[in-house]
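Reading the structure
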Amino acid sequence: MTTTETPDILRRILDYSARADPYPLYAELRETPVALQEDGSYVISAYRELTGILHDPHLSSDVRHLSRPMAAAEARTTPSFINLDPPEHDRLRRLAMRHFGPPHTPGLVTGMEPDLTATVSGLIDDFAGKQQIDIVDDFAYPFPVTVICHLLGVPREDEPQFHVWVNAIIDSLDYDPRTDPKEKLDNGVQATTDLREYLGGLLEQRHGRPGDDLLTRLANDDGPDGRMTDDEIVSTANLLLIAGHETTVNLIANGMLTLLRHPRVLQRLRDEPDLIVPLVEELLRYEPPVHIIPWRAAYSDITVADTVIPKGSQIMLMLASGSRDPDRFHDPDRFDPDRQDNQHLGFGSGIHLCFGGPLARLETQIALTELVRRLDRPRLVADPPPYRPSPILRGPIHLHIEQSQ
Amino acid sequence: MTSADTLKGFKRDGRVVIVGASLAGLRAAEALRDEGFTGSLTMIGDELGEPYDRPPLSKQVLTGWVPAGGTTLPRRRDINAEWLLGVPADGLDLATNHVHLADGREVPFDRVLISTGVRARPWFVETEAALDGVFVVRTREHADGLQRALASGPSRVLVIGAGFTGSEIASICRERDIPVTVAELAPAPLVGALGAVIGDVAADMQRAHGVDLRCGVKVTQLEGDAQGRFHRAHFDDGSTIDADVAVVALGGIRNTEWLRDSGLAAGPWGIACDTGCRALDLNGLITDDIFVAGDVARCPNPIYEYRLISLEHWVNAVEQAQVAAHNMVSAQADRWPHLSIPTFWSIQFGVNIKSVGVPTFADEVVVTQGSVPDRRFVAAYGYQGRVTAAVSFNNAKWLDHYRQLIETAAPFPPPCPTPDEPVDAKPVPVDFPGPRLLAQGATVVVTGHDPGERRVTAAWQHR
Ligand SMILES: Cc1cc2nc3c(=O)[nH]c(=O)nc-3n(C[C@H](O)[C@H](O)[C@H](O)COP(=O)(O)OP(=O)(O)OC[C@H]3O[C@@H](n4cnc5c(N)ncnc54)[C@H](O)[C@@H]3O)c2cc1C
């Protein structure tokens, strides 16, 4: 029997005090790979069980299949494909992918390389003369945000406004009615409405106009699957904007932090720039930006490791824990960019495998390579740095470093 | 000397010979070096040139995207081998441990790996097979010739045999806007490998793309003109068809003839071996120095009742090569079994077809997810009430789940609804046309006895 009640560990993981180092708690959690919670939900934390359920067609991403309705703000809007099941998920993802990746738009991501490098260089140029740099505010945040705004066709000047909305939405993602003030949820709901309204306004201007950005392409192009409705485009843009906001920021910040904690690897990266490719993969395993998929639903009874999860149950997937499972990865708590067979869960797995993965990889590869190349003997000011509140999208809120002048 | 010393000595300066220098042979050679084998390594191959990859030959090469010469297999590491290319091996002497080459040379070995694969089954009338415009597709020379014939704008192409290779070639013809007729003895394409239900889907797909598909017919004669160019084919129903190109896609013949007098259990279905890739002799005894990998191997698998299974699958060749190489340089207790669940893929008519398990090892099939009319679905195969295989059309990401069902002998049909459930999810008989046809077009042949044991649970491999 793999199921026991372990509400305690989960509560400790979600508590802010665990943010800097949740990994020992994950290890404790993995002792019960499928753990039933007091409220009837299930937490899955071991690698094999996670990959099993991520490929299980009985697992639903559509929260409308939960027997107990969920609170989060996302539940109240038209779902984007991340919160849908096949066939709708497949159709919308395919429609979006037509404009984002192969086979119809190959080379979009790799073609962005010169622009990405230029953006990164510009940001690092601005470090000149600064004694202290905040890797988050001065670099890891503005970089991917600039990129996703450009890609979608969202005016960069509006960024401060939707930064506020995105923060409120992210904040409400891990809303817990038992501990959180209702205000947190209300803010999230309001921000979702405002952001959708804003994107809807942008979209309206794009109909019937030529243009190369994603919003314009989605608004005007008819593929074999037909066209997305305006509502669907707004949901898709909303998803890409939010996903493009917080995840890559955390990946870059976690990456720099990890390198500063492993000076020998940092030096190696300086000497062998090609190391960056496996290094980013190892980072996605070791310090991933997305730690938890908080709500999936059992569409019918699902059997995981001899435990039957009843239909309608909420299922929480502890991805970051799976990527540190010693039953799957040799010496999992060691950061080892030479690791072989590194099939981490950093981008999830199965049909919802991260849509933006190729872009996030490239952004992070360029960002870390350039930081390491151009910073002169960088030092951490505080270790651990202060973290964002979210246990789901986990990363430092600031990462202050000093460099020699 | 202890056996540990012997093994050490062999690893340091033993002699390994690999016969068949293609995918399995090259990957095994690399794995041997990875495992620390520093002795002499000889690669014997009857083809000239570096080992290359075959799946693109019926896909990217025929569209003209990739030149036939551009499919060289990537080298993962230096193997420091002696290459004896362009000459076939024509005998194996187990008494003296020598490989005989057709040019009379003899190559001594301590251990040998046999990976001679299969060759294309030629058209059964030699003079007709020799006509200009008649092709098979197994080597890069074949693919190069066919791609040039397609590029010259033939009025029509006739594909004989609608297995995977034949169907892929038909798909490319349509992609290149070349009229194509496909002749298949079975009632539908892919039937030999995937059964009648999927065969019907494949038939619809071909017709929807403008293929002139003729099933249940036999091509009896390929007729040439005065210049010796193929121009017409005759069918057993008396009809004829005019075309400039005929592609004979009737499956493969295993390259085992050269082993006829070796005393190994080698024959038309391949070379029998144990799960450690060690060849069996005619009496079923394990020969400890003779290893087999790839298309030519017949390997038992507990999930399929330990029947000996021959697979013409790329992944299988790579995995067996790794296991064989490891076992060649390991002590008995450290050896690995090759127990993986087969996977296969194909791309045709814009659809990505992928399978796990052995679909021919089934009595029933059911569509479990998606929609057949939309050509995006998963079908599960069952044998006596347990799941034994699955096939996906444009839905490959789910197959890991079915792999798990196969590994755990999960009940068939798989229960409970999924969000993307097809309207009619009833199991139906799998309907294979029988062993006669199986040998012609199938990529998988299951042979062996039928013990009563049904339930198997795969052991998790730790490497
Ligand atoms: C056109 C085509 C498309 C394919 N598409 C797919 C696909 O989409 N997916 C998939 O999973 N698989 C596919 N396959 C199958 C895959 O290519 C094979 O499984 C794989 O090549 C097997 O490798 P192998 O090394 O065992 O045998 P082979 O590749 O057949 O190599 C055997 C080698 O041994 C040589 N040889 C034979 N006899 C002798 C001798 N006596 N002496 C010396 N050398 C000898 C042969 O000439 C050859 O070079 C395809 C195959 C073909 C031909």
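Report follows, based on the coordinates. For clarity, every value in this text was computed on a predicted model and none was experimentally measured. Along every chain, residues carry numbers that run from 1 in the direction the sequence is written. For this description, chains carry letters from A and ligands carry numbers from 1, given in the order in which they are written. The predicted nature of this model means local features are confined to residues of pLDDT at least 70 and side-chain atom pairs, given and counted, to a pLDDT of 80 or more, with totals for whole chains, interfaces and linings taken over all residues. Side-chain measures here rest on the full set of heavy atoms in the structure, leaving out hydrogens and waters.

1. What about the overall build of chain A?
Going by this rule: Starting at the N terminus, helices and strands are each numbered in turn, a helix being any DSSP run of H or I of at least four residues and a strand any DSSP run of E of at least two. It is over C-alpha atoms that the radius of gyration is taken, and the globule rule equals 2.2 Å times the number of residues to the power 0.38. Partly exposed describes any residue whose relative accessible area lies between the buried limit of under 20% and the exposed limit of over 50%, with all areas from a 1.4 Å probe on protein chains only and scaled to the type maximum.
For chain A, the count of helices and strands is 16 helices and ten strands. Taking 2.2 N^0.38 as the reference for a compact globule, 405 residues should give roughly 22 Å; the C-alpha atoms of chain A span a radius of gyration of 21 Å, in line with that estimate. Along the first, second and third principal axes, the C-alpha set of chain A runs to 60 × 55 × 40 Å. Here chain A holds 405 residues, and the buried ones make up 59% of them.

2. Side note on the overall build of chain B
Put simply, the rule is: Residue contacts are counted whenever heavy atoms from the two residues lie within 4.5 Å of one another.
Regarding its fold elements, chain B presents ten helices and 30 strands. Over its C-alpha trace chain B gives a radius of gyration of 23 Å, about what one expects of a compact globule, namely 23 Å for 463 residues. Principal-axis analysis of the C-alpha atoms places the extent of chain B at approximately 70 × 65 × 40 Å. Counting only contacts in chain B whose residues sit at least 6 apart along the sequence, the fraction spanning at least 24 positions is 66%.

3. Focus: the interface of chain A and chain B
The test is simple: Here the quantity called buried area is the total loss of accessible area, with a 1.4 Å probe, experienced by two parts when brought into contact, counted for both. Within this document, salt bridges are pairs made up of a side-chain nitrogen of Lys or Arg and a carboxyl oxygen of Asp or Glu, the two lying within 4 Å of each other. Between N or O atoms, a polar contact is any pair within 3.5 Å; within protein, one atom must be a potential hydrogen donor and the other a potential acceptor, and residues adjacent in sequence are included only when both atoms are from side chains. As a working rule, the residues Ala, Val, Leu, Ile, Met, Phe, Trp, Tyr, Cys and Pro are called nonpolar, Asp, Glu, Lys and Arg charged, and the rest polar, with Gly in that last group.
Tallying the contact residues gives 18 residues for chain A and 17 residues for chain B. Ranking the residues of chain A by area buried against chain B places A:R48, A:H55 and A:P57 at the top, with a combined share of 34%. Seen at the junction of chain A and chain B, the total is zero salt bridges. Counting every contact that joins chain A to chain B gives three residue pairs in polar contact (both at pLDDT 80 or more). Of all elements in the fold, only α3 (47-54) and α4 (88-97) of chain A reach the threshold of two or more residues within the side of chain A that touches chain B. Residue composition of the side of chain A that touches chain B, by class: six nonpolar, five polar and seven charged.

4. Things to note about the site of the ligand
All names here are of chain B. Here is the rule: Each residue is tested against the molecule or strand, and it is near if at least one of its non-hydrogen atoms lies within 4 Å. Where accessible areas are quoted, they stem from the Shrake-Rupley method and a 1.4 Å probe; at the residue level, only the protein chains shown are allowed to cover.
Within the structure, the ligand sits among 30 residues, and D46, E47, R54, K59 and D295 are positioned closest to it. S22 places a polar side-chain atom, nitrogen or oxygen, 3.0 Å from an oxygen atom of the ligand. Here an oxygen atom of the ligand sits 2.9 Å away from a polar atom, N or O, in the main chain of W345. Against a free-state accessible area of 1,000 Å², the protein chains account for coverage of 95% of the ligand. When contributions to the shell around the ligand are tallied by element, the ones reaching two or more residues are α2 (23-34), α8 (314-328) and β24 (343-348). Looking at the shell around the ligand residue by residue, the classes come out as 13 nonpolar, ten polar and seven charged.

5. Re the sheet that holds strand β3 (residues 59-60) of chain A
Residues and elements named next belong to chain A. Under the convention used in this document: Whether two strands pair comes down to DSSP finding at least two bridges between them.
Strands sit in the order β1-β2-β8-β5-β3 across an open sheet of five strands; the sheet is mixed. Strands at the two margins of the open sheet, each flanked by one partner only, are β1 (34-36) and β3. Pairing of strand β5 (residues 293-298) with strand β8 (residues 314-317) involves three bridges; the strand directions are antiparallel. By the bridge assignment for β8, I293 is matched with L317.

6. Remarks on helix α2 (residues 23-30) of chain A
Which entries qualify depends on this criterion: Arc definition: directions from the helix axis to the C-beta atoms.
Buried within α2(A) are the following residues: A:Y23, A:L25, A:Y26, A:L29 and A:R30. Around the axis of α2(A), the buried residues are gathered within 150 degrees of arc, so they sit on the same side.

7. What about the packing of helix α9 (residues 159-173) of chain A against helix α10 (residues 182-206) of chain A?
Residue and element names in this part refer to chain A. Our working rule: Interaxial angles span 0 to 180 degrees and are taken between N-to-C directions of axes, which are lines fitted to C-alpha atoms, for helices over the stretch in contact. For this classification, under 35 degrees means roughly parallel, over 145 means roughly antiparallel, 65 to 115 means roughly perpendicular, and everything else is oblique. For any helix crossing, the convention is left-handed if the near helix is rotated counterclockwise from the far helix by under a right angle, and right-handed if that rotation is clockwise.
Closest axis-to-axis distance for the α9/α10 pair is 8 Å, and the angle between their directions is 135 degrees. As judged from the angle between their axes, α9 and α10 are oblique. Considering the relative orientation of α9 and α10, their crossing is left-handed. Here F162, W165, V166, A168, I169, D171 and S172 of α9 lie close against α10, whose contacting residues are K184, L185, N187, G188, A191, T192, D194, L195 and Y198. When the residues that make up the contact of α9 with α10 are grouped by side-chain class, the tally is nine nonpolar, four polar and three charged.

8. A short note on the packing of helix α6 (residues 113-125) of chain A against helix α8 (residues 142-152) of chain A
All names here are of chain A. Direction vectors running N to C along α6 and α8 enclose 145 degrees, while the axes themselves pass 10 Å from each other. The way α6 lies across α8 gives a crossing that is right-handed. Side by side, α6 and α8 meet where L116, T119, V120 and L123 of the first sit next to P142, F143, T146 and V147 of the second. The class makeup of the residues in the contact of α6 with α8 is six nonpolar, two polar and no charged.

9. Description of the sheet that holds strand β7 (residues 111-114) of chain B
Residue and element names in this part refer to chain B. Overall, mixed pairing links the six strands, which are arranged β3-β2-β1-β7-β21-β20 in an open sheet. Edge strands, defined here as strands with exactly one partner in the open sheet, are β3 (82-85) and β20 (278-280). Averaged over neighbouring strand pairs, the angle between their axes works out to 30 degrees when direction is ignored. Inspection of the sheet shows β7 paired to strand β21 (residues 286-292) by three bridges, in the parallel sense. The residue bridging L113 from the neighbouring strand is F291, located in β21. Contacts between α2 and the sheet are confined to β1 (15-19), β2 (40-45), β3 and β7, with β2 contributing the most and set at about 175 degrees to the helix.

10. Here's the deal with the pairing of strand β16 (residues 245-248) of chain B
Residue and element names in this part refer to chain B. Residue alternation in β16 divides its side chains into two sets, V245 and V247 and A246 and V248, and both sets are buried. Here strand β9 (residues 134-135) pairs with β16 via two bridges, running parallel. Paired with V134 across the two strands is A246, which belongs to β16. Looking at chain direction, strand β10 (residues 157-160) and β16 are connected through four bridges and run parallel. Each residue of the ladder has a partner; that of V159, found in β16, is V247.

11. Concerning the environment of A:G357
With respect to the helices, strands and loops of the structure, A:G357 is situated in helix α16 (residues 357-374). Each C-alpha atom of the pair A:G357 and A:F347 lies 6.6 Å from the other, and the pair is ten residues apart in sequence.

12. A closer look at the environment of A:S45
All names here are of chain A. Position of S45 among the secondary structure elements: in the loop between β2 (42-44) and α3. In this structure S45 comes out as buried when scored by relative accessible area, which is 0%. Excluding residues that lie within four positions of it along the chain, S45 makes contacts with L29, R30, T32, P33, L50, M318, S321 and G322.

Purely spatial values, then, with no claim about function.
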